[in-house]
Amino acid sequence: MQTDELRPYLPFALPDIGQAEIDEVVRTLKSGWITSGPTTARFEKEFAEHLGGEVQAVAVNSATAGLHLAVEALGIGPGDEVIVPVHTFTATAEVVRYMGADPVFVDVDPVTLNIDATLLADALTDRTRAIIPVHYGGLACDMRSILSFAKSHGLAVVEDAAHALPTTFEGQPIGSLETDACVFSFYATKTLATGEGGMLVTRNKEIATRARTMRLHGINRDVFDRYQAGGPWYYEVVAPGYKYNMTDIAAAIGVHQLRRLSEMHSRREFVAQRYTEAFRELPLQLPSAGTSQDCHAWHLYPIRLAPDCGIDRNAMVAHMNAHGIGVSVHYVPLHMQPYWRDRYQLTEEAFPVSSAAYQSMLSIPIYSKMDDASVERVIGAVKSAFERSPK
Ligand SMILES: *Cc1c(COP(=O)(O)O)cnc(C)c1O
């Protein structure tokens, strides 16, 4: 601990912004077009191409906005139910409430912490309209089971892919599967970061058109089209839409982040491999790496402390902080959040896997800006927690 006091604090997460992103932002600022315009259109086109070109990409100012637009486009409303995993960020479920519908919470798989597809049948009622699976940490859900369940019960599927770039499922990139919509986040800590931002991706032209309209006040053409086409002043409002458009300043960062995605991902993968090697002998449950054929985005590296390892989660968090290392917890599950717990009378016993995972887990730093010394420093700090703890 003595040496750590002299070392700078190692943040839990940091964006990886290169000179190309900075130059493009400056170009955008000088161009005179700083809100949704040519750079946003270019980012959408390049993002869709990155996913194989069969999808439409709709840029928005957050993943939360994208998820909201997706459930809105599906026509979900009061009286409807949407199945969501309990072990997620509140945005996954809150967009269901935006529409006046009710989320139905499902526990997660003990290995992957993704929604447990074997529990979907228990959550099904005659009001169920959709499922929002979350690819937790960047590992794809069991999409085969989820899609076949959805198909046999006539349910829509909207993927919360906030962690899942560039994740693949059975070799196919997340964003290119046969779901109704898939939403990525470009929040500051995510694997592609524009500060705030998101992308709704869909194969369904009607969903794309509705989302494009609703992301900008329910106006039937966006600003870019209006100023490019012949009649620049005329527009029609067809619905009470939202203000969810992406700015060209954010898109300027996005186009270059997308180019650097595989390089940034390789670094995250390297960090994950180092951790997995180094922690093999420790009393920890390490995150599932998935199958060797598939890509894990490694947005998170959550470790779970074994029950009798001599240190509990809160002590471990304090230990890491004392070593000058930022850590976090993903997540305080939704059944333990006052709003969700009280509104739907949720109990810890109803979600045993998520409850137990929460008690034992913390996420340690994993990001492309981490140098080798920082990775080794995290490893040293984690290991020392077990050396010091009384057995
Ligand atoms: C970050 C995150 C979101 C929300 O993303 P924003 O772009 O911040 O709106 C939604 N779901 C999950 C699982 C997330 O981690």
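Residues numbered from 1 in each chain as written. Predicted model: local features only at pLDDT ≥ 70, side-chain atom pairs only at ≥ 80, totals over all residues. Heavy atoms only, no water.

**What to know about the overall build of the protein**
So, point 1. Looking only at helices and strands, the protein has 15 helices and 12 strands in total.
So, point 2. Since a compact globule built from 391 residues should have a radius of gyration of about 21 Å, the 22 Å found for the protein is in line with a globular shape.
So, point 3. Considering only C-alpha atoms, the protein reaches an extent of 75 × 55 × 40 Å along its principal axes.
So, point 4. The 391 residues of the protein split such that 55% are buried.
So, point 5. Within the protein, contacts between residues separated by at least 24 positions form 73% of all contacts whose residues are at least 6 apart in sequence.
So, point 6. When the accessible area of the protein is evaluated, it comes to approximately 16,700 Å², of which 53% is carbon and sulfur surface.
So, point 7. Averaging the locations of the 34 positively and 46 negatively charged side chains of the protein gives two centres separated by 5 Å. (Helix = DSSP H or I, 4+ residues; strand = E, 2+ residues; numbered from the N terminus. Rg over C-alpha atoms; globule rule 2.2 N^0.38 Å. Buried < 20%, exposed > 50% of the residue type's maximum accessible area, 1.4 Å probe, protein only. Contact = heavy atoms within 4.5 Å. Areas by Shrake-Rupley, 256 points an atom, 1.4 Å probe, with all protein chains shown as cover. Lys, Arg positive; Asp, Glu negative; His and termini not counted. Charge placed at Lys NZ, Arg CZ, Asp CG, Glu CD.)

**Quick notes on helix H5 (residues 90-98)**
So, point 1. Of the residues making up H5, those classed as buried are Ala-91, Thr-92, Ala-93, Val-95 and Val-96.
So, point 2. Turning to H5, the residues buried within the fold contact helix H4 (63-73), strand S2 (81-85), strand S3 (102-106), strand S5 (156-160) and helix H13 (338-344).
So, point 3. Backbone geometry just downstream of H5 places Gly-100 in the positive-phi region, at approximately 80 degrees.

**Topic: the sheet that holds S3**
Each strand in a sheet pairs with another by means of backbone hydrogen bonds, the pair being arranged parallel or else antiparallel.
So, point 1. With mixed pairing, 7 strands are arranged side by side in an open sheet as S1-S9-S8-S5-S4-S2-S3. Each edge of the open sheet carries a strand with a single partner, namely strand S1 (56-60) and S3. Adjacent strand axes in the sheet meet at a mean angle of 25 degrees, parallel and antiparallel pairs treated alike.
So, point 2. In the packing of helix H3 (residues 38-50) onto the sheet, the strands contacted are S1, strand S8 (181-185) and strand S9 (198-202), and the crossing angle to S1 comes to about 135 degrees. (Pairing = 2+ DSSP bridges. Axes fitted to C-alpha atoms, helices over the stretch in contact; angles between N-to-C directions.)

**Some details on the pattern of salt bridges**
So, point 1. A complete count under the given rule lists 20 salt bridges for this structure.
So, point 2. For Arg-129, the salt bridge identified is with Asp-80, shortest N-O distance 3.0 Å. Remark: Asp-80 occurs in the loop between H4 and S2 and Arg-129 occurs in strand S4 (residues 128-131); sequence separation between them is 49 residues.
So, point 3. Between Glu-263 and Arg-260 there is a salt bridge, with its nearest N and O atoms 3.5 Å apart.
So, point 4. Among the charged side chains, a network of salt bridges with common partners joins Glu-81, Arg-97, Asp-102, Arg-127 and Arg-343. (Salt bridge = Lys/Arg side-chain N within 4 Å of Asp/Glu carboxyl O.)

**Remarks on the environment of Leu-362**
So, point 1. With respect to the helices and strands, the residue Leu-362 is situated in strand S12 (residues 361-363).
So, point 2. In this structure, the C-alpha to C-alpha distance between Leu-362 and Ala-156, residues 206 residues apart in sequence, is 33 Å.
So, point 3. Those residues in contact with Leu-362 that sit more than four places away from it in its chain are Tyr-301, Pro-302, Ile-303, Leu-305, Arg-313, Met-316, Val-317, Met-320, Val-327, Ser-328 and Val-329.

**Overview of the environment of Glu-387**
So, point 1. Secondary-structure assignment places Glu-387 in helix H15 (residues 372-388).
So, point 2. When the C-alpha atoms of Glu-387 and Tyr-344 are compared, they prove to be 43 Å apart, with 43 residues separating the residues in sequence.

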